[in-house]
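Reading the structure
Residues per chain are reported as follows:
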Amino acid sequence: MIQFPSDFVWGAATASYQIEGAVEADGRVPSIWDTFCATPGKVENGDSGAVACDHYHRYKDDVALMKELGLKAYRFSIAWGRVLNGRTVNQAGLDFYSNLVDELLSAGIEPWVTLYHWDLPQTLQDVGGWTNRAIVDEFLYYADVVTKALGDRVKRWITFNEPWVFTYLGYASGVHAPGITHIPDYLSSAHHFLLAHAKSVPIIRANSSDSLVGVTLDMTQPEGDERAAERLRALHNGWFLDPIYFGHYPAEVVEIYEQAGYMPEIQPGDMEAIHGKPDFLGINYYTRQTIEADESDPVMLSRPVHMDESEYTEMGWEVAPESIYRMLKHNNERYNPGAMVITENGAAFQDVVSADGQVHDDRRVAYYNGYLTNCQRAISEGVPLMGYFAWSLMDNFEWSFGYSKRFGLIHVDYETQQRIPKDSARWYSQVIKNNGF
């Protein structure tokens, strides 16, 4: 029997644009993802989050399902454009989240709120989005509004979700909204994220007494050639973690970007403002990156390797459960964050509703079993992991992949909006009940 600490937080996670739908309801203004989805060729099958899981109208039923599963916590995000139009507060949007929080608390489920999970209002993108330093003040205003409204009841806050994704994929590779392909824009966006995160923390703490405030990053765990792995860690993890925990960007990466003329403007006092230990480090982790040395790429020093003997998910991600243990150990030793939470972990597989009306997703159960076993192993060796959130509570809009990938513990029929808890949901429910497996 694998046991977790008695106060371990067991939850599941979602994001606003991926599940809420109701994109024109009650004063919500368009986001960059509405625009991106409306651009031909950007999202598989031309899908969008316009309806998604219709959680906006069905949240009470969804909370009832969470209670049935025995979730102790629920991580969700606020849609910026649902609560603010410019700097005008949309009370109907705030009321939705306030009602959701009350529903969760009445069900005995702790709300963990993410302020930014990628759905920037389009009007802010029209003036540069995250490339414009003015976005920092806009985010601080938004954070102040939300935490004043909910801070009496919400005591677990996450400022941002996966900054590498919304800055690099949004402004460098362009495969996510807003679809820009300019590396200097990625770097300026990343710098402005760091400022917005750091400067929002004291505001959140002032508005929500006795709360914990953290930030969630997507972590890579490169494995293979040692020199190349260190470079990849510095490029991906270190570019965000080093400023927060050490007060500076990784020197070797700065040298690369300076030589290319890509470095963002860093004003006096910026790095001092960014440097500050959050109450916890949120980590989204799905797979490792297996690499081999490739000196022909002077930046990456590597190329990816497909492991023929490994299992891969529908996302093309290797199932490598022991890597989460090594990732947790590495980050604890390097950054000493004090507390860590797995804010996302899960797998997309081809789910089928069987003749018995159920979804028998044995591969997902095995995935969770392997990764959770290695989380517990890290805890047993002193890693301060305080919680785990399965991704995702339910099947949803999976960004540029549309509805083609299913990560949910709960199956969603998008035509009828019927919810069916999968075998993995029942397995996870039992894990929570036993505080282990």
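Residues numbered from 1 in each chain as written. Predicted model: local features only at pLDDT ≥ 70, side-chain atom pairs only at ≥ 80, totals over all residues. Heavy atoms only, no water.

Our next topic: the sheet that holds strand 2 (residues 73-77). Taken in spatial order, the eight strands line up as 1-2-5-6-7-9-12-13 and close into a barrel, and their pairing is parallel. Along the sheet, successive strands turn relative to each other by an average axial angle of 25 degrees, direction set aside. As judged from the five bridges shared by strand 7 (residues 212-218) and strand 9 (residues 280-284), these two strands associate in the parallel manner. Each bridged residue has a counterpart across the sheet, and for Thr 216 the counterpart in strand 9 is Gly 282. Together, strand 5 (110-116), strand 6 (156-161) and strand 7 form the strand contacts of helix 8 (residues 163-171), whose direction differs from that of strand 7 by roughly 45 degrees. (Pairing = 2+ DSSP bridges. Helix = DSSP H or I, 4+ residues; strand = E, 2+ residues; numbered from the N terminus. Axes fitted to C-alpha atoms, helices over the stretch in contact; angles between N-to-C directions. Contact = heavy atoms within 4.5 Å.)

Using the criterion set out here, one finds 50 aromatic pairs in the structure. Both rings, one in Trp 239 and one in Tyr 249, keep their centres 4.1 Å apart while their planes meet at 20 degrees; by these two values the pair is stacked. Linking Trp 239 in helix 10 (residues 226-246) with Tyr 249 in the loop between helix 10 and helix 11 (251-260), this pair joins segments that are ten residues apart in sequence. Take Trp 239: its relative accessible area is 0%, and that puts it in the buried class. The rings of Trp 80, Tyr 116, Trp 130, Phe 139, Tyr 142, Phe 160, Phe 166, Phe 193 and Phe 240 are connected pair by pair, giving a single aromatic cluster. (Phe/Tyr/Trp six-rings, centres within 6.5 Å; stacked < 30°, edge-to-face > 60°. Buried < 20%, exposed > 50% of the residue type's maximum accessible area, 1.4 Å probe, protein only.)

Among the five residues in strand 12 (residues 340-344), five count as buried, and that is most of the element. Pairing analysis gives four bridges linking strand 9 to strand 12, with the strands arranged parallel. Bridged to Leu 281 within strand 12 is Met 340. Here strand 12 pairs with strand 13 (residues 385-391) via three bridges, running parallel. Pairing of Met 340 across the sheet is with Leu 385, part of strand 13. In terms of handedness, the path from strand 12 via helix 14 (residues 362-380) over to strand 13 forms a crossover that is right-handed. (Right-handed = clockwise from strand over helix to strand, strands pointing away.)

Once that is clear, we can look at the environment of Asn 99. Examined against the element boundaries, Asn 99 turns out to sit in helix 5 (residues 91-106). Looking at Asn 99, the relative accessible area reads 37%, which means it is partly exposed. Sequence spacing of Asn 99 and Lys 60 is 39 residues, and the spatial spacing of their C-alpha atoms is 9.3 Å.

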